[in-house]
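Notes for the structure review
Each chain, letter by letter, is given below.
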Amino acid sequence: MTTAAPGAVGPLASPRPALEVTDLDVYYGRGRGRRQALSGVSLSVAPGETVGLIGETGSGKSTLARTVLGLVRAGAGSVRVAGEDVTGHGGRRWRALRRRGVVQYVFQDPLRSLDPDLTIEDSLTEPLLIQGTGRAEASARARALLDRVRLSEDLLERLPGELSGGQRQRVAVARALITGPELIILDEPVSALDSANRVQILEILKELRAGGVALLLISHDLGSVAGTADRVAVLYRGELVETGTARQVVGDPQHPYTRLLVGSAPTLRGASADRAEREALRALLHT
Amino acid sequence: MVRRVLALTSGRIAVAVLAVIALLAVLGPWLAPQDPLATSDNTLAAASGAHWLGTDHLGRDVFSRLLDGSRVSVLGSLEVALVALVVGAIPGILSVYLGRVFEWITLRLADTLVALPFLLFAVAVIALLGNGLTQAMVVTGALVSPLFYRVARAATLSVARSPYVEAALVAGASTGWIIRRHVRVKVLPPIAVALAQTIGVGFVIVSSLTFLGIGVQPPQPTWGGLLASDLGYLSHRPWGPVTPALLIMVTVWACNLLADAIRDVSGEAGRALVNDRKARANRLAKGRPVSAGGAR
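Moving on: the pairing of strand β10 (residues 231-236) of chain A. Residue and element names in this part refer to chain A. For β10, a buried count of six out of six residues is recorded, marking the element as mostly surrounded by other parts of the structure. By the alternation rule, side chains of β10 split into Arg231, Ala233 and Leu235 and Val232, Val234 and Tyr236, which are all buried. The pairing of strand β4 (residues 50-54) with β10 spans four bridges and is classified as parallel. By the bridge assignment for β10, leucine 53 is matched with alanine 233. Pairing of β10 with strand β11 (residues 239-245), which is carried by six bridges, proceeds in the antiparallel orientation.

We now examine helix α7 (residues 163-170) of chain B. All names here are of chain B. With seven of its eight residues buried, α7 lies for the most part within the structure. Listing the buried residues of α7 in full gives Tyr164, Val165, Glu166, Ala167, Ala168, Leu169 and Val170. Directly beyond the C-terminal end of α7, a positive phi value near 95° is found at glycine 172.

Moving on: the nonpolar core. Within the largest apolar cluster, 152 residues are counted, with the highest numbers of intra-cluster contacts made by Leu183(A), Leu216(A), Val234(A) and Phe148(B). Counting residues per element, this core draws most heavily on helix α8 (residues 175-211) of chain B, at 17 residues.

As a further point, take the domain arrangement of chain A. For interface size, the figure often reported is the accessible area lost on association. All names here are of chain A. Assigned domains within chain A: domain 1 (10-102 + 181-245) and domain 2 (116-180). With 11 residues of domain 1 at the contact, the number on the domain 2 side is 13 residues. The element contributing the most residues to the side of domain 1 that touches domain 2 is helix α6 (residues 195-210), with four residues. Tallied by class, the residues present in the side of domain 1 that touches domain 2 amount to seven nonpolar, three polar and one charged.

The next subject is the sheet that holds strand β5 (residues 76-81) of chain A. Residues and elements named next belong to chain A. The strand order across the open sheet built from four strands is β3-β2-β5-β6, with neighbouring strands paired in antiparallel fashion. Taken across any chain shown, the strands that pair with only one partner, and hence form the sheet edges, are β3 (35-45) and β6 (84-85). Of the strands in this sheet, β2 (19-28), β3 and β5 touch helix α1 (residues 61-68), which is tilted by about 115° from β2.

With that out of the way, let us pick up the environment of Gly132(A). Within the secondary structure, Gly132(A) is located in the loop between α3 (120-131) and α4 (135-146). For the pair Gly132(A) and Thr63(A), spaced 69 residues apart in sequence, the C-alpha separation works out to 30 Å.

Turning to the interface of chain B and chain A, a few remarks are in order. Residue-level contacts link 20 residues of chain B with 24 residues of chain A. Among the secondary structure elements, those contributing two or more residues to the side of chain B that touches chain A are α7, α8 and α11 (267-286) of chain B. Counting residues per element, the side of chain B that touches chain A draws most heavily on α7(B), at six residues. Residue classes in the side of chain B that touches chain A are distributed as 10 nonpolar, seven polar and three charged.

Cut-offs used in this document
- Starting afresh in each chain, residues are numbered from 1 along the sequence in its written order.
- Ligands are numbered from 1 and chains lettered from A, in the order in which they are written.
- Only residues with pLDDT of 70 or above have their local features reported here, since the model is predicted, and side-chain atom pairs are shown and tallied only from 80 upward, although totals for entire chains, interfaces and linings are computed over all residues.
- With C-beta atoms placed from the backbone, the exposure class of a residue follows from how many other C-beta atoms lie within 10 Å of its own: 20 or more, buried; 12 or fewer, exposed; in between, partly exposed.
- Numbered from the N terminus, helices here are DSSP runs of H or I no shorter than four residues, and strands are runs of E no shorter than two.
- Whether two strands pair depends on DSSP finding at least two bridges between them.
- Nonpolar cores are identified as sets of buried Ala, Val, Leu, Ile, Met, Phe, Trp, Tyr and Cys residues joined via C-beta atoms within 7 Å.
- Where each domain begins and ends is defined by an automated method or by a domain database.
- The contact criterion used is a C-beta to C-beta distance within 7 Å, with each C-beta placed from the backbone.
- Residue type decides the class: Asp, Glu, Lys and Arg count as charged, Ala, Val, Leu, Ile, Met, Phe, Trp, Tyr, Cys and Pro as nonpolar, and the leftover types, Gly among them, as polar.
- Helix axes use the C-alpha atoms of the stretch in contact, all axes being lines fitted to C-alpha atoms, and the angles between their N-to-C directions lie in the range 0 to 180 degrees.

And the structure:
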């Protein structure tokens, strides 16, 4: 693993990271069909810190998120969420942790992550209702959140199919916020949005960071998270190949894959790699 | 969903026909103008003021027999459908959640039941337990249950793997919560379609069994039994089988019509229907065109 700066893997400054992943291995399948999806991944996110996890499709980004959320079992290594070691957790202990609402996940496709038969209000209040909060209080808290995500109250009675893509993404973020989580994992939060909605979502994320929430932004596009993330971790074929501050990774990429990413991102300053240079980097990666 | 079904013309027709059939089943024996079992010398008579649908070969009033026999036919078909629903749908939903062993056992059971010919099996059960429609219908219901098992399982599987169920899981939802809040709404429409179809199939099964004289003791009247007795005297009363056959046909048709209506108003299509109505209401309220439904 190439590290842009010594010690960059750890949080910027925190007594207890919101997320701490150490030497994580994840496998899919059994026997001969067993395939390693993550290998020796170590990563931590401090409260109030935003970490961008970058990688191409199939690199293991979503697998890492799903392992942190307990949807995929870890093969080796450890995962600590909000100070609690969750590596050996069974179904019941996972449910108890999730009910506390300390970790939330914003899915890649907000349309499919909202039940098409439930109104926006029902979807928003669901995490609170699961915790056992009364319907009236849950509804009041949902309404109080709407301002923060720039949504109007009349949307609450609508179905997800009646909202625009940007509105749905903000509903998904609001749903993640409603339990007051310490850590939010966002899977490609802006990749399907137009530039106006993208800016709005990124502004909301910056406000969250200022409020002390730890954010793990997953994306295939370095350009879309480099401006928001404090640190960037680059995942390639299941391994973290480079981590560092966003400035370090973009300004002085060490690993050939990161150089290729920086060179291919049209939105980044210094993304000047020409075609020949990109092909040379690709050739280097495949040797 | 009931309101949406009734908003469709086909749904209203189906519900109206089935309501009349249900009324016949409940009130039939009291509505019968004459004793359905009373014989007379006036055999194979044509329709008249005294006998609206004529008389059969023993001089019994056919109209009274049809009314009296509707209860057995309706109850029999409901029994088949309800037994199939309980035996099939509940394990179908649970097979997704109760682990691989339960899933494997229920799948193999469903495969086995599908392989058994239900009409022959019902005849065999009656031979074993004695001539009674109830036991025959319970067994037939169990044999038809794989339909509900498959429908409920397929609908549950598609919901269980959806991101919104994962979102609920991440929020700490239990299996019970997920079934109540997310799965039930999605599984009910296909089950309702299957239920309406099975009630129709149930009518055919009850009529087939009673046509063969199985399940009921003569002289108790049933629609299938009337059809059979009338068929024996076709040369004397060629119009005789028309009424019981028509009743069976219309009932089965109404069940299928209801199934189609439920399918048309549920799921994605149903939401589109509601969106269209909202858009139309908006247009009328504002007096100008508004795009339907919003972004998808």
